[in-house]
Amino acid sequence: MPETHSNWRDCVRFSFQAVCLTLILSCVFLSEPAVSVSSPLETATSYLSSIDWRHYHNYSEIVSILFSLNESYSTIVDVFSIGKSWWQRDIYCIRLTNESNLDPKPEVFFVGYHHAREAISAELPLYFLVYATQNFGLNETITYLLNNCRIYVVVALNVDGFDLFQANDWQRKNARPTNEDSDGLIDEDPPEDENENGFTDQLIDYSVPGGRFVRWEGFDNDEDSKYGEDWIGGVDLNRNYDYAWEGGVSDPESEVYRGPFAFSEPETQALRDFVLQQDFHYALSFHSGIEMILYPWGHTTNPPPDEAEFMEISENLSSITQGTQYRQGSFLYSTHGVWDDWMYGIAGVKALTCEVFANDTWSGVAEPGPEPDTVWEGGLKYWFNPFPQAIEDVILRWLPTFFYIAERAVNDFMHDLAVKAIFLEKRVVGEGHGFTLNITVKNEGGFDEITNLKVYVNSSLVCEEIVSVPRRATVTIPVFCNTSGWVKGNYSVSAEASPVPEETDIFDNAHVDGWIFVTIPGDVDRDRDVDIFDIVLIAVGYGVSASDARYNSDVDINGDGEIDIFDVVLAVDNYGEDWIPMQKF
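So, here's what we can say about the structure.

Parameters at a glance
Residues numbered from 1 in each chain as written. Predicted model: local features only at pLDDT ≥ 70, side-chain atom pairs only at ≥ 80, totals over all residues. Heavy atoms only, no water. Helix = DSSP H or I, 4+ residues; strand = E, 2+ residues; numbered from the N terminus. Disulfide = S-S within 2.5 Å. Pairing = 2+ DSSP bridges. Axes fitted to C-alpha atoms, helices over the stretch in contact; angles between N-to-C directions. Phe/Tyr/Trp six-rings, centres within 6.5 Å; stacked < 30°, edge-to-face > 60°. Buried < 20%, exposed > 50% of the residue type's maximum accessible area, 1.4 Å probe, protein only. Lys NZ or Arg CZ within 6 Å of the ring centre and 35° of its normal. Patch = residues over 30% accessible without salt bridge, like charges linked within 9 Å, V, L, I, M, F, W, Y side chains within 5 Å. Areas by Shrake-Rupley, 256 points an atom, 1.4 Å probe, with all protein chains shown as cover. Salt bridge = Lys/Arg side-chain N within 4 Å of Asp/Glu carboxyl O. Core = buried A, V, L, I, M, F, W, Y, C linked by side-chain atoms within 4.5 Å. Contact = heavy atoms within 4.5 Å. Lys, Arg positive; Asp, Glu negative; His and termini not counted. Polar contact = N/O pair within 3.5 Å; in protein donor to acceptor, adjacent residues only side chain to side chain.

Let's talk about the environment of Val153
So, step 1. Along the chain, Val153 falls in strand E4 (residues 150–154).
So, step 2. Note: C-alpha distance between Val153 and Val394 (241 residues apart in sequence) is 19 Å.

What to know about the state of the cysteines
So, step 1. Using the criterion set out here, one finds zero disulfides in the structure.
So, step 2. Considering cysteine sulfurs only, Cys149 is the nearest to Cys93, which forms no disulfide, with 13 Å between them.

With respect to the sheet that holds strand E12 (residues 374–378)
So, step 1. Strand order in this open sheet of four strands is E6-E5-E12-E11, and the pairing throughout is antiparallel. Since the sheet does not close on itself, it has two edges, and those belong to strand E6 (212–216) and strand E11 (365–368), each with one partner. Between one strand and the next, the sheet's axes are offset by a mean angle of 30°, whatever the strand orientation.
So, step 2. Pairing of E11 with E12, which is carried by four bridges, proceeds in the antiparallel orientation. Pairing of Glu367 across the sheet is with Trp376, part of E12.

Brief notes about unusual backbone geometry
So, step 1. Of the consecutive residues Pro296 and Trp297, the connecting peptide bond is found in the cis state with omega at 10°.
So, step 2. Inspection of the secondary structure puts Trp297 in the loop between strand E8 (291–295) and helix H9 (307–320).
So, step 3. Although it is not a glycine, Arg526 adopts a positive phi angle of roughly 65°.
So, step 4. With respect to the helices, strands and loops of the structure, Arg526 is situated in the loop between strand E20 (510–519) and helix H14 (532–541).

Here we look at the packing of aromatic side chains
So, step 1. Here the structure, examined in full by the defined rule, presents 34 aromatic pairs.
So, step 2. Between Phe109 and Phe280, the aromatic rings sit 5.1 Å apart at their centres with planes inclined by 15°, giving stacked as the arrangement. Of this pair, Phe109 sits in strand E3 (residues 107–111) while Phe280 sits in strand E7 (residues 280–287), and the two are 171 residues apart along the sequence. As far as burial versus exposure is concerned, Phe109 and Phe280 are alike and both buried.
So, step 3. Measuring from ring centre to ring centre gives 4.3 Å for Phe128 and Phe402, while their planes differ by 5°; the resulting arrangement is stacked. Taken together, the residues span a long stretch of sequence, with Phe128 in helix H5 (residues 120–135) and Phe402 in helix H13 (residues 400–414) at a distance of 274 residues.
So, step 4. Through successive ring pairs, a cluster of aromatic residues spans Phe80, Phe109, Tyr152, Phe274 and Phe280.
So, step 5. One cation-aromatic arrangement involves Arg427 over Trp515; the distance from NZ or CZ to the ring centre is 5.8 Å.

A look at a nonpolar patch on the surface
So, step 1. Nonpolar side chains collect at one region of the surface, where Ile532, Phe533, Val536, Val540 and Tyr575 lie side by side and expose about 530 Å² of accessible area between them.
So, step 2. Judged by relative accessible area, which is 45%, Ile532 ranks as partly exposed.

Some remarks on the nonpolar core
So, step 1. Membership of the largest hydrophobic core comes to 94 residues, with the highest contact counts inside it found for Phe109, Phe128 and Ile151.
So, step 2. The element that contributes the greatest number of residues to this core is H5, accounting for 10 residues.
So, step 3. Apart from residues no more than four positions distant in its own chain, Ile151 is found in contact with Ile94, Arg95, Leu96, Val108, Phe110, Phe128, Leu146 and Ala406.
So, step 4. Of all hydrophobic cores here, the second largest spans 27 residues; its members include Leu417, Val457, Val475 and Trp486.

Observations concerning the side chain of Asp554
So, step 1. The topology assignment puts Asp554 in the loop between H14 and helix H15 (565–573).
So, step 2. No salt bridge is formed by the buried Asp554. Its closest oppositely charged neighbour is Arg526, at 4.2 Å.
So, step 3. Polar side-chain contacts of Asp554 include one of 3.2 Å to the backbone nitrogen of Val428.
So, step 4. Not counting residues within four places of it along the chain, the set of residues in contact with Asp554 comprises Lys426, Arg427, Val428, Val524 and Arg526.

Some points on the sheet that holds E20
So, step 1. Ordered by their spatial adjacency, five strands build an open sheet running E14-E20-E19-E16-E17, and the pairing between neighbours is mixed. Two strands close off the open sheet at either side, each with one partner strand: strand E14 (428–430) and strand E17 (460–469). Sheet twist, expressed as the mean angle between neighbouring strand axes with direction ignored, is 25°.
So, step 2. Here strand E16 (residues 449–457) runs beside strand E19 (residues 489–497); their pairing, made up of five bridges, is antiparallel. Considered in E19, the bridge of Val457 is made with Val493.

Below, the structure is given as structure tokens:
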């Protein structure tokens with residue numbers, strides 16, 4: 001995701017001593033009780049067990065692994081394409097769940113590899129899929145989560161990026177044909193690894209103070225005396241989503257080019273169409289270039305509506321990844337048209353971005369250039385990705401994030417109360433008279449729950465009641481409040497259901513309705529006195545009961561469900577009364 005080297009260097013780094021702690025945390029978090037299960041196919045298991053995690057996998061290798069998982073673990077793995085790339089490669093998604101359990105389940109989503117040079121962001125979700133499938137039935141945590149959750153994983157969105165990165169380790173964008181140098185030719189002059197050292201180099205002239213960029217390594221394919229000025233592709237997929245897209249960069253030469261229009265790319269279109277068909281509770285996208293956890297918004301410093309929950313999730317993700325820093329995305333740098341803003345703002349999914357690796361101690365490679373004081377410098381590959389021998393170390397640090405997000409979704413789904421509404425039968429109440437609140441509590445989880453329901457007027461507790469709510473059911477609880485002793489004025493009304501054990505989504509447990517107005521009995525028009533206008537309103541409603549659509553509860557002064565002589569008497573008794581300005585409750 002980062003756009004300049006300064007972004008990477010400015011971020012807090014953690015030493016590799018943390019790897020040992022990762023291994024300990026992983027063992028604790030993913031403890032493996034002795035459970036007897038049937039063995040999967042031996043041949044496929046042997047193949048999967050031989051996967052080399054000290055090697056970055058290309059597209060065909062990843063596809064082979066995914067289909068081997070599907071063959072070996074067909075009862076929990078389903079592989080399907082959500083669309084195709086510019087080069088007509090399938091973008092595969094994996095659904096991971098115990099398909100024999102047909103009960104309703106929450107859904108979570110993980111996506112890797114938006115950016116071609118961030119190879120570690122594909123290795124991480126790939127490793128998770130292999131680990132989870134091979135440990136289903138053996139590991140208590142994994143078995144529980146796959147029994148009770150549907151986990152969807154797109155290992156790589158930018159599937160053309162594997163070949164692009166192999167040819168040019170600076171490549172960030174996708175393979176959209178783009179004429180970046182305006183010469184009428186497309187993608188004809190990319191940087192190339194001319195010296196075959198495995199890196200794409202820049203020629204730097206150090207006869208100039210601070211050094212001067214001369215050209216990219218490669219050949220002048222279009223014979224215009226320029227080198228590497230028309231790269232293959234493309235569009236930054238993580239600037240192509242239709243949320244604040246218009247604020248992005250419109251220059252095709254930019255590394256963060258937003259594309260000709262929002263969702264212009266087949267890759268982002270495929271993800272959009274897939275996401276909108278699902279009901280995801282949470283989602284993570286993996287990137288590299290820094291080590292940080294980011295939550296919406298990216299395009300504005302205004303806090304998201306669910307900031308408290310995003311902060312809680314970020315703190316927990318930080319804790320299980322050895323203290324990774326976290327913040328709102330825009331406080332790192334402003335971004336437009338990004339995945340997590342669209343996921344949250346349009347698809348309604350609580351989505352975060354995990355930047356999983358940066359190597360700001362890697363200085364690259366250097367070789368003498370063709371002229372005095374010139375140097376070929378390269379090696380961006382290992383700014384964004386660990387050395388092959390350290391791939392698994394990085395993965396193990398971030399592996400618990402998958403299980404945390406899935407478990408959070410299960411807990412939300414299995415234990416989740418929400419106060420959905422407060423209905424006030426009356427908004428205007430005469431002093432000394434009462435009013436009824438009807439409070440709707442919904443159990444969105446999978447277990448019968450008992451909660452302590454509290455009702456507040458302003459900040460004062462006026463009612464507390466133990467309420468039972470069956471699984472997937474909604475109950476309405478009537479609460480009667482008497483205004484005896486209340487001073488005249490406006491009062492806010494709210495209700496709160498105490499969280500039940502293991503409930504994580506507690507941000508909808510409280511609900512604020514609005515206000516109730518306490519005044520002189522008979523002041524039905526709320527103008528703070530009882531006069532002829534109030535009498536007229538009572539007369540107009542006279543004889544109407546609560547079963548009639550014309551019924552106005554505010555005119556029913558005594559609240560008995562009838563607008564009758566008793567209401568007239570109350571208004572006449574107080575006729576001419578006036579009151580002083582509102583006082584605090």
